[in-house]
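In case you want the letters, here they are:
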Number of protein chains: 4
Amino acid sequence: MDYVYGPGRNHLFVPGPVNIPEPVIRAMNRNNEDYRSPAVPALTKTLLEDVKKIFKTTSGTPFLIPTTGTGAWESALTNTLSPGDRIVSFLIGQFSLLWIDQQQRLKFDVDVIESEWGQGANLDILAMKLAADRAHTIKAICIVHNETATGVTNNLSAVRNLLDEYRHPALLLVDGVSSICALDFRMDEWGVDVALTGSQKALSLPTGMGIICASPKALEASKMAKSVRVFFDWNDYLKFYKLGTYWPYTPSIQLLYGLRAALDLIFEEGLDNVIARHGRLGKATRLAVEAWGLKNCTQKEEWFSDTVTAVVVPPYIDSAEVVRRAWKRYNLSLGLGLNKVAGKVFRIGHLGNLNEVFSSSFGLSTATAGLS
Amino acid sequence: MDYVYGPGRNHLFVPGPVNIPEPVIRAMNRNNEDYRSPAVPALTKTLLEDVKKIFKTTSGTPFLIPTTGTGAWESALTNTLSPGDRIVSFLIGQFSLLWIDQQQRLKFDVDVIESEWGQGANLDILAMKLAADRAHTIKAICIVHNETATGVTNNLSAVRNLLDEYRHPALLLVDGVSSICALDFRMDEWGVDVALTGSQKALSLPTGMGIICASPKALEASKMAKSVRVFFDWNDYLKFYKLGTYWPYTPSIQLLYGLRAALDLIFEEGLDNVIARHGRLGKATRLAVEAWGLKNCTQKEEWFSDTVTAVVVPPYIDSAEVVRRAWKRYNLSLGLGLNKVAGKVFRIGHLGNLNEVFSSSFGLSTATAGLS
Amino acid sequence: MDYVYGPGRNHLFVPGPVNIPEPVIRAMNRNNEDYRSPAVPALTKTLLEDVKKIFKTTSGTPFLIPTTGTGAWESALTNTLSPGDRIVSFLIGQFSLLWIDQQQRLKFDVDVIESEWGQGANLDILAMKLAADRAHTIKAICIVHNETATGVTNNLSAVRNLLDEYRHPALLLVDGVSSICALDFRMDEWGVDVALTGSQKALSLPTGMGIICASPKALEASKMAKSVRVFFDWNDYLKFYKLGTYWPYTPSIQLLYGLRAALDLIFEEGLDNVIARHGRLGKATRLAVEAWGLKNCTQKEEWFSDTVTAVVVPPYIDSAEVVRRAWKRYNLSLGLGLNKVAGKVFRIGHLGNLNEVFSSSFGLSTATAGLS
Amino acid sequence: MDYVYGPGRNHLFVPGPVNIPEPVIRAMNRNNEDYRSPAVPALTKTLLEDVKKIFKTTSGTPFLIPTTGTGAWESALTNTLSPGDRIVSFLIGQFSLLWIDQQQRLKFDVDVIESEWGQGANLDILAMKLAADRAHTIKAICIVHNETATGVTNNLSAVRNLLDEYRHPALLLVDGVSSICALDFRMDEWGVDVALTGSQKALSLPTGMGIICASPKALEASKMAKSVRVFFDWNDYLKFYKLGTYWPYTPSIQLLYGLRAALDLIFEEGLDNVIARHGRLGKATRLAVEAWGLKNCTQKEEWFSDTVTAVVVPPYIDSAEVVRRAWKRYNLSLGLGLNKVAGKVFRIGHLGNLNEVFSSSFGLSTATAGLS
């Protein structure tokens, strides 16, 4: 039984899960396999090596965990920190809010820096806090690279510069869920200690794999971190990495082959070309929004996101109704406005394996309105 | 190895083969099966019953032949006619031309009624020929319902009216390749004797199945027809229909399950809704062409096709270059101009399992031109 | 790139991940979808309702968590218990060992009852412990229904009887990873408080979904449980259940449709027929092992497992070599001996969507002849 | 709706259509494409080049026709012969019978050499006919390399030797439907003029592609052949080969990618290894039949087929009942006895992408032990 049925294909433009390319769908169209045979470790080895490239790291250690972004967050935090640790965290939209909620529930002492939704992380306040923290009580800075709820991209390089300026040893933990593989991301250059994404975002896979990369400093921290963890414990992976069998518990065979295919597509196009393409399509989307006479939820150009655009609807319209009607009438999936911007914005995801023609999907509304 | 690779999906808007709906791709994603088991005949029985509905016939006999439209043509002709038989055939574009070529090579005496490309069948001349043919030397009228090369739909009901008016017993053989399941087609009401289509057209399947429906009069004619035929002989099918095993030779298991899924989708939407949707999308396409300031190759509204639009480019542009660039730059597949209209038109296929958002794929060119 | 290549199909007989039926592979062969559209909650609703049937519960609350069996264990423990809580846990093989390891790392006070590998849970000792525990310091009994490492099935009904006999309020937490959907399992009747399985076992799906069912008493306990948890917190699910959107974070669209198809197959065959079939194939496997002149690792008939058989090889043979050669030479995947029985046993998984002919893969035709 | 449902996979051992390897199923799991884009001709070019290797020809010209084996037969005959031409044809089973029926209906003068079913072609009679035919009235010898109904392999090399011995210029037309890609076949060395197979046989694809290879002498003959043909006319292909677009009418995109994958698998294993494997599995099957105490329908070892074994059942058993019960009870598909051997034999297909473990499906472990 297919619950979505209408003629034509579903036009999927939510900011995740995103469209899966045909070659990746094909690669995953398979039976299970014994993950203890020689084949799966051989495949895994190539994946662990290659996945580092999407983080732009050579010194990082990747973990492919059967979980979602929420689990990846938990893995990043519990492996590097101990209950009671002070962390600075930016609240700029629904996803940073959820991460902060998790941080609090995991018993960290969360020092929240809040911005208006539609603005980026307030780095001036971060600077003040770092300057004031001579005792280095701040153990980690947690930041969402791209806030999916508002379409805001934060400047990670600036965060690194501040940490360097104040010679502050805090770990830099980055949620790259809607950025990695789509926006410029440089783990090593920016001194990111833990970066993470989910398979269903720019990698264009099904949900189910949390992809985490830890710097040597993060691995070192994990030896001291007292947060209770088992399923998300990096150490269980490291033990199996040494054995060459790689998996402490059963991975999804399909996602492994899917990841292989997804990485092959990205490398075939060239990661920097992929990023440039997102830049092009992001800009095209913003031009379209402008042409419609609508406003971008993101308040300044420096924060414009090339993976998701939150479009503000006029006050007399309920954005949820736009989403509902697009889905029902046109088999077109758009993102809802969440929490503070519920009813006020709808979101267009333009990340993953897309090309120019996709964007025309948004040129139609007036043309078709008279016909349907 | 995938020869078509570029980021994003291929946007397929040739008038065949057309986009396959996901549920149909899924249904065909399977191993082979023994076609002599009880399962395949049981499935076939439902297909033969249901496929009649897309022809709007209750008295016709369908044949599902492992071949293409060209083979279906041959099956229609050789089963009903004898070498030397006089047939009247309309030449209005590349596909009617190819059918006429086949008719001649099969040794029929073909009386060709030619129209300028972009016009429909000249029924005035047909009327004259019928009026003059008191001896009933004309054994069949062969007409393409929808000429895919020029986007011209012929008026079959008018053809039937002429035959009735002159009480002429000629068989009416109709190529419905780019019409059946998309345009209004009424086999019984219009007294069509053989109608045919191919799986890769409005049924939205892969190529490989020629679908033919024969009226009782056509079946009667087949008993006398002296054209040599074996692979395309209806009689071999009829023999196996009687046995209840249905297949004189091995069918494609995948296409059988695919046809089941395709018919299910059509009936779920409702055949008349499918046809109305093609009307809506055809009109939208023509409005877009007009908005681009370009001309429709089809010369009069009465012939406008709701499945394919041939767009005339300005004389200083080579339409093949438009097609080439769309493919290379946008992963967008358009139809070439063929033969007399090569270089002069490109074709947009808007048939099959599409929805409104598809049409926006053609609203983009100017918007993206500056970006890519 | 396929790392397993040899002519012919891979014959997969490890005790997980198991063979996926073709209809399930087909159901999962799809693009992503917006999980916030009306379609996914509608689908989820049927899944939550139907999944209870495989636990044989009407009062339980199911959770479909994007994780593996290890994560499902963690979810069962952290939602019902507080650090320091005393739990009784049976060690009878590698998987019960791993669970105990997790219990200890999660800071519970684990009272381990160990048996020789190849034997079932020692219920006499349990009885003594329960009898002695007048203060009800034991908060939970943790037991693996079917130990996958040794092919031993424990008697859950007997455990319940002991708890009842001693009127002991301890929670009963059951790992049903290699039993549920294959062996007789009765959550309500046996008073199981938390039962869990993984998608890649008898449900015959890919890995990636931990399926957990909580009794009302377990849900009640979760309100008091002080174990730190976020990703695995049932409460986040319950909140979204109330909203009717069901998902606190992104589910795998493919696994949802896959689970739908898997349940449909199970209900079409009838759950009790599925269980009876496992009984038949399990017995056939044991007869074959006997016919080969080899010994079953399981020491008594009462513990024989109908989902996995651990076969003891003669001392002069390394069982890992048997597995290696089967894979390399015959594209046949068997399970390795683990930990204490490494090199001594190989394991045949006979769970999931299999039929009689499978068993002939092991030369069993005569053995099965009398049974089927 | 799946008509075959029972737990477990369908065990497909009919001699066609045969099991499709997973990588081939994956390769075909795709949307349609424009066959006039640059991609499809580029793919086709590699296919035409590589497909010659399975015929072991360098001088032959291959045709990939959207049809079945029956259509391929028709293509072989009508392109090389004229009505009334005398051809010598061997009748040794159901498929040679059907080909002869086609030859007669196509109006050739068929000189039939009949053998008892279970025996090979009677080459002594051929020798006599060739010796007597000084006037070279015999235009072609038609022979089935492997008679699928009885499991009889004819000696083609001996046929060539006779033609050479009598310096007879007759064309040698070979049905290699159940031999090519599985049995030793040498088009150039044996001077075969037209060889043909179907995609659903040893190539292990779905039905739908007739694969034909014509020698230079056959191409020369096609210029003179007066048989009426259009759909099957090689000349239409040759015209498009010259243009570099390859296809006179729409091919199945899925089968093209499937053929690419199938050829890749064959070349990866090595064609001669594939043939040797069929030898091994054929022998194993015959040993098993012997072990069952049953008789091979094939009367002498020189004719034993390594792709299909027809097993004679005791007179008090109806072989159709064996087939019926295998299907219903075990989801095991065996081939029926056809025509003269209906009820007397059932057939085991052991061609295509199989490995040793398959044979155990028939209880053959001991038999194969000594061979592999």
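Residues numbered from 1 in each chain as written. Chains lettered and ligands numbered in written order. Predicted model: local features only at pLDDT ≥ 70, side-chain atom pairs only at ≥ 80, totals over all residues. Heavy atoms only, no water.

- If you look chain A up in an unreviewed UniProt entry, it shows as alanine--glyoxylate transaminase from Phoenix dactylifera.
- In UniProt, chain A has this text filed under Sequence similarities (unreviewed entry): "Belongs to the class-V pyridoxal-phosphate-dependent aminotransferase family."
- Checking UniProt for chain A, the heading Cofactor (unreviewed entry) contains the comment "pyridoxal 5'-phosphate". (UniProt positions renumbered as here; feature names shortened; annotations may be inferred.)

## A short note on the overall build of chain A
Here is step 1: If you tally the helices and strands in chain A, you get 13 helices and 14 strands.
Here is step 2: Against the compact-globule benchmark of 21 Å for 372 residues, chain A has a radius of gyration of 21 Å, which places it among compact chains.
Here is step 3: Overall size of chain A, expressed as C-alpha extent along the three principal axes, is 65 × 55 × 35 Å.
Here is step 4: Per-residue burial over chain A gives 67% buried out of 372 residues. (Helix = DSSP H or I, 4+ residues; strand = E, 2+ residues; numbered from the N terminus. Rg over C-alpha atoms; globule rule 2.2 N^0.38 Å. Buried < 20%, exposed > 50% of the residue type's maximum accessible area, 1.4 Å probe, protein only.)

## Thoughts on the nonpolar core
Here is step 1: By size, the foremost hydrophobic cluster in this structure holds 210 residues, and its most contacted members are Ile141(A) and Ile141(C).
Here is step 2: Ignoring anything within four residues of it in the chain, the contact list for Ile141(C) reads Val88(C), Phe90(C), Leu126(C), Leu130(C), Val159(C), Leu163(C), Ala170(C), Leu171(C), Leu172(C) and Leu173(C).
Here is step 3: Residues Met28(B), Ala76(B), Val152(B) and Ile87(D) belong to the second largest nonpolar core, which totals 207 residues. (Core = buried A, V, L, I, M, F, W, Y, C linked by side-chain atoms within 4.5 Å. Contact = heavy atoms within 4.5 Å.)

## Section: the UniProt feature "modified residue: N6-(pyridoxal phosphate)lysine" (unreviewed entry) in chain A
Residue and element names in this part refer to chain A.
Here is step 1: In the numbering adopted here, UniProt assigns the feature "modified residue: N6-(pyridoxal phosphate)lysine" (unreviewed entry) to Lys201.
Here is step 2: Assignment of secondary structure puts Lys201 in the loop between strand E9 (194-198) and strand E10 (210-214).
Here is step 3: Of the polar contacts made by the side chain of Lys201, one reaches the backbone oxygen of Pro15; its length is 2.8 Å. (Polar contact = N/O pair within 3.5 Å; in protein donor to acceptor, adjacent residues only side chain to side chain.)

## Regarding the packing of aromatic side chains
The relation between two aromatic rings is expressed through the spacing of the ring centres and the mutual angle of the planes.
Residues and elements named next belong to chain A.
Here is step 1: All chains considered together, the criterion is met by 50 aromatic pairs over all chains.
Here is step 2: A centroid spacing of 5.0 Å and a plane angle of 80 degrees characterise the contact between Phe231 and Phe232, whose relative ring orientation is edge-to-face.
Here is step 3: With relative accessibility at 2%, the residue Phe232 sits in the buried group.
Here is step 4: Taking the centre distance of 4.7 Å and the plane angle of 15 degrees together, the rings of Phe231 and Tyr249 count as stacked. You can see Phe231 sitting in the loop between helix H7 (216-222) and helix H8 (234-243) and its partner Tyr249 sitting in the loop between H8 and helix H9 (253-269), a full 18 residues away along the chain. (Phe/Tyr/Trp six-rings, centres within 6.5 Å; stacked < 30°, edge-to-face > 60°.)

## Observations concerning the UniProt feature "domain: Aminotransferase class V" (unreviewed entry) in chain A
Here is step 1: The feature "domain: Aminotransferase class V" (unreviewed entry), as given by UniProt, occupies residues 46-297 of chain A in the numbering adopted here.
Here is step 2: With 43% helix and 18% strand, residues 46-297 of chain A has its two end C-alpha atoms placed 40 Å apart.

## Focus: the relation of the copies chain B and chain D
Here is step 1: With an RMSD of 0.0 Å, the operation that places chain B on chain D is a rotation of 180 degrees combined with a shift of 0.0 Å along the axis. The transformation relating the two chain copies, once decomposed into turn and shift, fits a two-fold axis. Relative to the rotation axis, the closest C-alpha in chain B is found at Thr67(B), a distance of 2.7 Å.
Here is step 2: A symmetric contact is evident, with 100% of the interface residues of chain B recurring at the interface of chain D. (Least-squares fit on C-alpha atoms with pLDDT ≥ 70 in both.)

## Concerning the pairing of strand E9 (residues 194-198) of chain B
Residues and elements named next belong to chain B.
Here is step 1: Burial analysis of E9 places five of its five residues in the buried class, the great majority of the element.
Here is step 2: Here three bridges tie strand E8 (residues 171-175) to E9, and the two strands are oriented parallel to one another. Counted as the bridge partner of Val174 is Ala195 from E9.
Here is step 3: Two elements, E9 and strand E10 (residues 210-214), share five bridges in a ladder whose sense is antiparallel. What sits directly across from Val194, in E10, is Ala214. (Pairing = 2+ DSSP bridges.)

## Examining helix H6 (residues 156-165) of chain A
All names here are of chain A.
Here is step 1: Of all the residues in H6, the buried ones are Leu156, Val159, Arg160, Leu162 and Leu163. Projected down its long axis, H6 carries its buried residues within an arc of 160 degrees, all on one side.
Here is step 2: Buried residues in H6 make contact with helix H5 (123-132), strand E5 (138-144) and strand E8 (171-175).
Here is step 3: Between a side-chain oxygen at the N-terminus of H6 and the backbone nitrogen of Ser157 the separation is 3.3 Å; the capping residue is Asn155. (Arc of directions from axis to C-beta.)

## Overview of the sheet that holds strand E5 (residues 138-144) of chain B
Each strand in a sheet pairs with another by means of backbone hydrogen bonds, the pair being arranged parallel or else antiparallel.
Residue and element names in this part refer to chain B.
Here is step 1: Taking strand neighbours across the sheet as the criterion, the seven strands line up as E2-E10-E9-E8-E5-E3-E4 in an open arrangement whose pairing is mixed. Across the chains shown, the open sheet's two edge strands, defined by having one partner strand only, are strand E2 (61-65) and strand E4 (109-114). Within the sheet, the average angular offset between the axes of one strand and its neighbour, ignoring direction, is 20 degrees.
Here is step 2: As paired strands, E2 and E10 are joined by five bridges and run antiparallel to one another. Note on E10: the bridge partner recorded for Phe63 is Ile212. (Axes fitted to C-alpha atoms, helices over the stretch in contact; angles between N-to-C directions.)

## Some thoughts on the side chain of Ser96(B)
Here is step 1: Looking at the secondary structure, you find Ser96(B) in helix H4 (residues 94-105).
Here is step 2: Here the side chain of Ser96(B) touches Gly93(B) through a polar contact of 3.0 Å, landing on its backbone oxygen.

## Brief notes about the domain arrangement of chain A
All names here are of chain A.
Here is step 1: The domains assigned to chain A are domain 1 (11-20 + 271-369) and domain 2 (22-267).
Here is step 2: Using C-alpha coordinates to define each centre, domain 1 is positioned 26 Å away from domain 2.
Here is step 3: Both faces considered, domain 1 and domain 2 share a buried interface measuring about 2,600 Å² in area, 60% of it formed by carbon and sulfur atoms.
Here is step 4: For domain 1, the biggest contributors to the area lost against domain 2 are Ile20, Leu271 and Trp303; these three give 27% of the whole.
Here is step 5: The tally of links between domain 1 and domain 2 comes to two salt bridges.
Here is step 6: Of the charged contacts in the structure, one is a salt bridge between Lys340 and Glu114, with a shortest N-O distance of 3.6 Å.
Here is step 7: For the side of domain 1 that touches domain 2, the element with the most residues is helix H10 (residues 271-291), which contributes five residues. (Domains from an automatic or database assignment. Buried area = accessible area lost by both parts, 1.4 Å probe. Salt bridge = Lys/Arg side-chain N within 4 Å of Asp/Glu carboxyl O.)

## Remarks on the sheet that holds strand E14 (residues 345-349) of chain B
Residues and elements named next belong to chain B.
Here is step 1: With antiparallel pairing, three strands are arranged side by side in an open sheet as E11-E12-E14. Across the chains shown, the open sheet's two edge strands, defined by having one partner strand only, are strand E11 (295-296) and E14.
Here is step 2: The pairing of strand E12 (residues 308-312) with E14 spans five bridges and is classified as antiparallel. Paired with Val308 across the bridge in E14 is Gly349.

## Overview of the interface of chain B and chain D
Here is step 1: Every contact between the two is made by 60 residues of chain B and, on the other side, 60 residues of chain D.
Here is step 2: In total, about 4,700 Å² of surface goes out of reach between chain B and chain D, with carbon and sulfur atoms giving 62% of it.
Here is step 3: Inspection of the region where chain B meets chain D yields four salt bridges.
Here is step 4: Across the pair Arg105(D) and Asp236(B) runs a salt bridge, and its minimum N-O distance is 3.1 Å.
Here is step 5: Linking chain B to chain D there are 16 residue pairs in polar contact (both at pLDDT 80 or more).
Here is step 6: Put simply, the parts of the chain that give the side of chain B that touches chain D at least two residues each are helix H2 (39-55), helix H3 (69-78), H4 and helix H9 (253-269) of chain B.
Here is step 7: When its residues are assigned to classes, the side of chain B that touches chain D shows 29 nonpolar, 18 polar and 13 charged. (Nonpolar A, V, L, I, M, F, W, Y, C, P; charged D, E, K, R; others polar.)

## Observations regarding helix H9 (residues 253-269) of chain D
All names here are of chain D.
Here is step 1: When the terminal C-alpha atoms of H9 are compared, their 25 Å separation across 17 residues agrees well with the 24 Å that a helix rising 1.5 Å per residue should span.
Here is step 2: Most of H9 sits out of view: 14 of its 17 residues are buried.
Here is step 3: Positive phi appears at Gly270, one or two residues downstream of H9, with a value of about 100 degrees. (Expected span 1.5 Å × (residues − 1).)

## Looking at unusual backbone geometry
Here is step 1: A cis amide bond, omega 0 degrees, links Gly16(A) with the succeeding residue Pro17(A).
Here is step 2: Following the sequence through the fold, Pro17(A) ends up in the loop between strand E1 (11-13) and helix H1 (22-28).
Here is step 3: Of note in the backbone geometry, Asn339(B) takes a positive phi value of approximately 55 degrees without being a glycine.
Here is step 4: Inspection of the secondary structure puts Asn339(B) in the loop between strand E13 (332-333) and E14.
Here is step 5: Notably, Lys56(D) is not glycine yet its phi reads approximately 50 degrees, a positive angle.

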